[in-house]
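# Commentary on secondary and tertiary structure
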Amino acid sequence: MNSGPELTTPRLLLRRWRDTDRAPFAALNADPQVMHHFPATLSRAESDALIDRIEAHFDRHGFGLWAVQHTGTGAFLGFTGLWTPAFDAHFTPTVEIAWRLAHHAWGHGYATEAARRALEYGFTTAGLPEIVSFTAVPNDRSQAVMRRLGMTRDPRDDFDHPVLPAGHPLRRHVLYRTTPGQAA
């Protein structure tokens with residue numbers, strides 16, 4: 001795939017995508033536990049198309065959802081990074097911080113570690129004035145990461161995700177925000 005910015009943390013490498021990431025990413029996206037707070041799991045074709053969209057986003061914006069690799073083992077863990085949502089809401093246009101990790105990578109602090117580094121890149125290198133994050137109301141694990149990152153939530157910002165139909169159990173979303181001086 002393409003070259004571009006690589007970010008490091010004490011345990012992780014955030015890098016552009018490789019063809020060898022496609023199979024483990026498809027397995028991650030097909031895992032019902034990982035995709036519990038998303039409308040559906042993804043097929044291999046849908047997962048591959050997502051990688052293609054991520055790479056195109058990097059080419060357009062200079063940042064995106066980096067593939068996350070454990071530096072000690074070389075294992076592919078998922079993604080973390082910066083994304084521009086394509087839907088209209090009261091807080092768009094914006095850049096969000098997002099992550100999706102394989103179930104075996106949960107509970108080790110990888111999401112927080114990688115997201116902190118991506119936020120730093122967003123504020124210092126990309127010069128973003130604000131970064132948001134959002135998730136379905138029941139997704140307590142992601143909300144905990146958002147709080148550990150120093151992000152704050154105003155319940156008046158919560159919203160119904162416009163891509164999900166009325167009555168869908170994941171439609172209601174919480175919105176967290178952070179600015180350069182606020183991020184932990």
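Attention here is on the structure that accompanies the text. Sequence order as written defines the numbering, with residues in each chain counted from 1. Only residues with pLDDT of at least 70 are given local features in this predicted model, and only at 80 or more are side-chain atom pairs given and counted; all residues enter the totals for whole chains, interfaces and linings. Side-chain measures here rest on the full set of heavy atoms in the structure, leaving out hydrogens and waters.

### Examining the side chain of N139
- With respect to the element layout, N139 can be found in the loop between β6 (131–136) and α4 (140–148).
- Relative accessibility decides the category of a residue: with a 1.4 Å probe and only protein chains considered, values under 20% of the type maximum give buried, values over 50% give exposed, and everything between is partly exposed. By relative accessible area, which is 9% here, N139 ends up buried.
- One polar contact links N139 to T135, side chain to side chain, over a distance of 3.0 Å. A run of H or I in DSSP counts as a helix once it spans at least four residues, and a run of E counts as a strand once it spans at least two, with each numbered from the N terminus. Polar contact criterion, stated in full: a pair of N or O atoms within 3.5 Å, where within protein one must be able to donate a hydrogen and the other to accept it, and residues adjacent in sequence count only if both atoms are side-chain atoms.

### Quick look at the pairing of strand β9 (residues 172–178)
- In terms of burial, β9 is a largely internal element, five of the seven residues being buried.
- Where β6 lies against β9, six bridges are found, and the strand directions are antiparallel. Paired with T135 across the two strands is V174, which belongs to β9.
- Alignment of strand β7 (residues 152–153) against β9, held across two bridges, turns out to be antiparallel. Within β9, the position partnered with R153 by the bridge is Y176. Two strands pair under a simple rule: DSSP has to find at least two bridges between them.

### A closer look at the pattern of salt bridges
- A carboxyl oxygen of Asp or Glu within 4 Å of a side-chain nitrogen of Lys or Arg is what we treat as a salt bridge. Tallied over the entire structure, the rule returns 14 salt bridges.
- Between R117 and E120 there is a salt bridge, with its nearest N and O atoms 3.9 Å apart. Pair noted here: R117 and E120 are both in helix α3 (residues 110–125), with a separation of three residues, about one helical turn.
- Measuring nitrogen to oxygen at the nearest pair gives 2.8 Å for the salt bridge that ties R177 to D157. Of this pair, R177 sits in strand β9 while D157 is found in the loop between β7 and β8 (159–160), placing the two residues 20 residues apart along the sequence.

### Structural notes on the packing of aromatic side chains
- Paired rings are identified among Phe, Tyr and Trp, the last through its six-membered ring, by centres lying within 6.5 Å, and are further divided according to the angle between planes into stacked (under 30 degrees), edge-to-face (over 60) and tilted (the rest). In this structure the tally under the stated criterion is twelve aromatic pairs.
- Arranged with centres 6.3 Å apart and planes meeting at 80°, the rings of F25 and F76 form a pair that is edge-to-face. With F25 in helix α1 (residues 22–30) and F76 in strand β4 (residues 76–83), the pair connects residues that are 51 residues apart, well separated along the chain.
- In this structure F25 comes out as buried when scored by relative accessible area, which is 0%.
- A residue is classified by how much of its surface remains accessible, and F76, at 12% relative accessible area, is buried.
- Considering the side-chain rings of F87 and F134, the 5.6 Å spacing of their centres and the 75° angle between planes classify their relative orientation as edge-to-face. Of this pair, F87 sits in the loop between β4 and β5 (96–101) while F134 sits in strand β6, placing them 47 residues apart in sequence.
- Every member of this aromatic cluster is reached through a ring pair, and the members are W17, F25, F76 and F79.
- The ring centre of F38 lies 4.4 Å from the NZ or CZ of R100, which sits over that ring. Think of it as a cone above the ring: NZ of Lys or CZ of Arg counts as a charge over the ring if it is within 6 Å of the ring centre and within 35 degrees of the ring normal.

### A short note on the environment of A118
- By secondary structure assignment, the location of A118 is in helix α3.
- For the pair A118 and S142, spaced 24 residues apart in sequence, the C-alpha separation works out to 16 Å.
- It only takes one pair of heavy atoms within 4.5 Å for two residues to be counted as in contact. Apart from residues no more than four positions distant in its own chain, A118 is found in contact with L7, W66, G81, L82 and I97.

Read these as spatial facts, not as claims about activity.
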